[in-house]
Amino acid sequence: MKWDFQAVGFNATDELVTFTKDKTEGLLKYYDQIVGAEVYLKLLQDDKNQNKGAEIKLNIPGNDIFAESHSESFEKSVNESIDKLKGQIRKIKTKQSHH
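Residues numbered from 1 in each chain as written. Predicted model: local features only at pLDDT ≥ 70, side-chain atom pairs only at ≥ 80, totals over all residues. Heavy atoms only, no water.

## As for the overall build of the protein chain
- When you go through the protein chain residue by residue, the secondary structure sums to two helices and four strands.
- In the protein chain, the order of α-helices and β-strands from amino to carboxyl end is β-α-β-β-β-α.
- Taken over C-alpha atoms, the radius of gyration comes to 14 Å for the protein chain, in line with the 13 Å a tight globule of 99 residues would show.
- A buried classification covers 34% of the 99 residues belonging to the protein chain.
- Summarising the internal contacts of the protein chain: among those between residues at least 6 apart in sequence, 49% fall at separations of at least 24.
- Surface exposure of the protein chain reaches about 5,900 Å², of which carbon and sulfur atoms provide 48%.
- In the protein chain, which carries 15 positive and 16 negative side-chain charges, the distance between the mean positions of the two groups comes to 7 Å. (Helix = DSSP H or I, 4+ residues; strand = E, 2+ residues; numbered from the N terminus. Rg over C-alpha atoms; globule rule 2.2 N^0.38 Å. Buried < 20%, exposed > 50% of the residue type's maximum accessible area, 1.4 Å probe, protein only. Contact = heavy atoms within 4.5 Å. Areas by Shrake-Rupley, 256 points an atom, 1.4 Å probe, with all protein chains shown as cover. Lys, Arg positive; Asp, Glu negative; His and termini not counted. Charge placed at Lys NZ, Arg CZ, Asp CG, Glu CD.)

## Points about the pairing of strand S1 (residues 2–8)
- Pairing analysis gives seven bridges linking S1 to strand S2 (residues 36–43), with the strands arranged parallel. Bridge pairing links glutamine 6 to tyrosine 40 in S2.
- Where the polypeptide runs from S1 across helix H1 (residues 14–26) and back to S2, its parallel neighbour, the crossover connection is left-handed. (Pairing = 2+ DSSP bridges. Right-handed = clockwise from strand over helix to strand, strands pointing away.)

In structure tokens form, the structure reads like this:
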């Protein structure tokens, strides 16, 4: 799986990069046709606590999927985005099994 990671507005620690990569690659267990992932972690300039955003786009032939989440920590945002993507993957698999 091709992997593209960008941190916007802050410097990501190695731990955060590894965490995000492991979580994203974990989706391959659910769906082996993911060819790439584009991950953007963004520190949003606002005064709210929910200022750490994760945007994850998965490249799937004929069907890119995308999820984003904002929370008080990057790890939580990544987890929430991954959960949303799992739901979308389930829908894709359900559709495919009905053909």
